[in-house]
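Below, each chain spelled out in residue letters.
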Amino acid sequence: MQDLDRLRAEALAAVAAAGTLDQLEAARVAALGKKGTVSGLMKSLGGMGPDERKTAGARLNAARDDIAAALDSAKTALEAKALDERLGRERIDVTLPVRPESQGRIHPISQTIEEITAIFAQMGFVVAEGPDIEDDFHNFTALNIPPEHPARQMHDTFYFGERPAKSGDGAESTGGRHLLRTHTSPVQIRTMLRDKPPIRVIVPGRTYRCDSDMTHTPMFHQVEGLVIDETTHMGHLKGCLIEFVRAYFEVDDVPVRFRPSFFPFTEPSAEVDIGCSREGGELKIGPGAGWLEILGCGMVHPNVLRNCGIDPNRYQGFAFGMGVERVAMLKYGIPDLRTFFDSDLRWLKHYGFLPLDVPTLSGGLTR
Ligand code: PHE
């Protein structure tokens, strides 16, 4: 028992000297563990007389409690220190932007729509939208495609079921049978019925046709453009689209060709081709022997203006429409249309865009 004060002092010194939780545990085992020094003295109590055991037992318990209390507070202090160190080491700045190596990617369709709208926004166009579920009037009739017009067959329309005729709520009185819009052109009609000229809108959106093969998907995307004012002519149409093509493909000398065509809602109408070369099996946008069709356009037909209550003797303008998947495939070398809609994460990782690569003309469309 003479050793107790020394052992107590040694144990407290070991606790005070412990710099880590491991060292602290070693100090605990050395003093209070089964084979520890204080525990050893506890065992010697058995061989003492009752009085001696009483005083020695009390001293031992007091020493054990002191050591246990020292262990406790040292443990709390070391744990707090360890946490502080870890917090210092693992500090994160939550105001930092998303890490560029993050998993998510922007789908090429979204990116392409952003690029296209950025270019037209620079020219003063504003974005307009319309519903995917349209009616016969906006999708066809008002666009100078009357019932029985052969152009309707070409559109492979998804129709909704015939609505039962109810007096006062007849489908005919509101715009006819409902359908999934086959192009974004009905938004021309909605815009002209709502806004007064001058009008300058760009309309990205989903479109639907009942067609599915290597080069067609039942849902696809278009961007429509519409300009209406008192002085617009075909020269403006050409200049605007040539400017767009050069900005979008980021090729200054890409040849652009306007080829006469037909759309019921424009007159005259044209399709726009861009130059390309196919050397060594690789398709390249720019000067070359080949042509690729990328969009349809024309001067808005007077009947369409009239259908929207706009006087064709005073106002005129142009419209165009292009397929987003098509121009995305051409710009980014995506060979197969159907992969756009496969939701294959490996594909998206390869062809997708980093979330912070927001396309702007000043910052570069694609970096
Ligand atoms: N709406 C036409 C289409 O789907 C494209 C187009 C739009 C043509 C506007 C001329 C003017 O193919």
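Our structure's up above, just so we're on the same page.
Structural notes, computed from the coordinates. Computed from a predicted model, the values in this text were never measured in an experiment. As a convention, each chain's residues are numbered from 1 in the sequence order in which they are written. Side-chain atom pairs in this predicted model are given and counted only at pLDDT of 80 or more, local residue features only at pLDDT of at least 70, and totals for whole chains, interfaces and linings cover all residues. Heavy atoms from the whole structure form the basis of all side-chain values; hydrogens and water molecules are not counted.

Turning to the packing of helix H3 (residues 37-44) against helix H4 (residues 50-89), a few remarks are in order. Under this scheme, a helix contributes an axis fitted over its contacting stretch, all axes are lines through C-alpha atoms, and angles between N-to-C directions fall in the 0 to 180 degree range. Here a helix means four or more residues in a row that DSSP labels H or I, a strand means two or more in a row labelled E, and each is numbered from the N terminus. At a closest axis distance of 11 Å, the pairing of H3 and H4 adopts a crossing angle of 160°. When the axis of H3 is compared with that of H4, the two are roughly antiparallel. H3 and H4 meet at a crossing whose hand is left-handed. Listed contacts from H4 to Val 38, Leu 41 and Met 42 of H3 are Leu 60, Asn 61, Arg 64 and Ile 67. Note on residue classes: Ala, Val, Leu, Ile, Met, Phe, Trp, Tyr, Cys and Pro are nonpolar, Asp, Glu, Lys and Arg are charged, and everything else, Gly too, is polar. Taken together, the residues of the contact of H3 with H4 break down into 5 nonpolar, 1 polar and 1 charged. When describing relative orientation, an angle under 35 degrees is termed roughly parallel and one over 145 degrees roughly antiparallel, while 65 to 115 degrees is termed roughly perpendicular and anything else oblique. We call a crossing left-handed when the near helix sits turned anticlockwise from the far one by less than a right angle, and right-handed when that turn is clockwise. Note on contacts: a residue pair qualifies if any of its non-hydrogen atoms lie within 4.5 Å across the two residues.

With that settled, consider the pairing of strand S9 (residues 290-300). Each residue is assigned to one of three classes by its accessible area relative to the maximum for its type, calculated with a 1.4 Å probe on protein chains only: buried under 20%, partly exposed between the two thresholds, exposed over 50%. Of all 11 residues that make up S9, 9 are buried, and the element is covered over most of its length. Pairing geometry for S9 and strand S10 (residues 316-323), over 5 bridges, is antiparallel. Counted as the bridge partner of Met 299 is Phe 318 from S10. Strand pairing is defined by DSSP finding a minimum of two bridges between the two strands.

When we say a residue is near a molecule or strand, we mean one of its heavy atoms is within 4 Å of it. Close to the ligand lie 14 residues, the nearest being His 183, Ser 185, Arg 209, Gln 222 and Glu 224. A distance of 2.9 Å separates a nitrogen atom of the ligand from a polar atom in the side chain of Ser 185. A distance of 3.2 Å is found between an oxygen atom of the ligand and a side-chain nitrogen or oxygen belonging to Gln 222. Each accessible area is a Shrake-Rupley result for a 1.4 Å probe, and residues are judged covered by the shown protein chains and nothing else. Notes on the ligand: free accessible area 320 Å², of which the protein chains cover 89%. For this analysis, a polar contact is any N or O atom pair within 3.5 Å, provided that within protein one partner can donate a hydrogen and the other can accept it, and provided that sequence-adjacent residues contribute only side-chain to side-chain pairs.

Time to look at the layout of surface pockets. There is about 1,400 Å³ of room inside the largest pocket. Definitions used throughout: a 1 Å grid over protein atoms alone; a cavity as a set of points that fits a 1.4 Å probe which cannot get out; a pocket as an open set with protein on both sides within 12 Å along at least five of seven lines; a lining residue as one with an atom within 4 Å of a point. Phe 220, Gln 222, Glu 293, Gly 323 and Arg 326 are the residues nearest the centre of the largest pocket, which is lined by 50 residues in total. Per-class residue counts for the lining of the largest pocket are 25 nonpolar, 15 polar and 10 charged. Here the second largest pocket defines a volume of roughly 190 Å³. In this structure, the second largest pocket is lined by 14 residues; those nearest its centre are His 107, Ile 109, Arg 206, Phe 340 and Phe 341. Counting only elements with at least two residues in the lining of the second largest pocket, the list comes to helix H5 (108-122), strand S5 (219-229) and helix H13 (345-351). Grid points are joined across faces, edges and corners, and a volume is the space filled by probe spheres set on the points.

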